[in-house]
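In case you want the letters, here they are:
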Amino acid sequence: MTTSYKDLIKQREALENQIKDARQRETSDAVSRVRSIIEEFDLTAEDVFPPATRTRAASSAKGGKVAAKYRDPATGATWTGRGKAPRWIQNEDRARFAIAD
């Protein structure tokens with residue numbers, strides 16, 4: 001025996017209502033348990049959700065500073081080797097300006 005389309009829709013609606021009710025009930029239980037633990041240990045919001053700290057990987061992924069690779073001996077100006085080259089190094093042998101590691 002096959003189930004009709006309308007019967008399947010009704011079953012789906014009934015299941016969606018059961019899912020919604022179960023989620024509300026379980027969420028309420030979870031919040032109650034969390035509140036109990038917070039009260040028991042006298043926790044603050046900062047204890048549970050500490051402020052985000054930037055990690056080295058996060059800062060370098062967002063374009064953190066890059067060490068200079070070249071230095072103009074006359075002025076002390078530096079260049080990382082990225083982007084448009086400054087005038088003092090244009091058309092010059094870059095090896096002369098390389099900063100030793």
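Residues numbered from 1 in each chain as written. Predicted model: local features only at pLDDT ≥ 70, side-chain atom pairs only at ≥ 80, totals over all residues. Heavy atoms only, no water.

Regarding the nonpolar core
As a rule of thumb, soluble globular proteins bury nonpolar side chains together.
Logical step 1: Counting six residues, the largest nonpolar core consists of Tyr70, Trp79, Ala85, Trp88, Ile89 and Phe97.
Logical step 2: Discounting chain neighbours no more than four positions away, the residues touching Trp79 are Ala68, Lys69, Tyr70, Lys84, Ala85, Pro86, Trp88, Ile89 and Arg94. (Core = buried A, V, L, I, M, F, W, Y, C linked by side-chain atoms within 4.5 Å. Buried < 20%, exposed > 50% of the residue type's maximum accessible area, 1.4 Å probe, protein only. Contact = heavy atoms within 4.5 Å.)

Overview of unusual backbone geometry
Logical step 1: Backbone geometry at Asp42 places phi at a positive 50 degrees, although glycine is not the residue there.
Logical step 2: Mapped onto the secondary structure, Asp42 falls in the loop between helix 1 (5-41) and helix 2 (45-48).
Logical step 3: According to the relative accessible area criterion, Asp42 is exposed, its value standing at 65%.
Logical step 4: Backbone geometry places Asn91, a non-glycine residue, at a positive phi of 60 degrees.
Logical step 5: Inspection of the secondary structure puts Asn91 in the segment after strand 2 (78-79).
Logical step 6: Of the residues examined, Asn91 reaches a relative accessible area of 81% and is grouped as exposed. (Helix = DSSP H or I, 4+ residues; strand = E, 2+ residues; numbered from the N terminus.)

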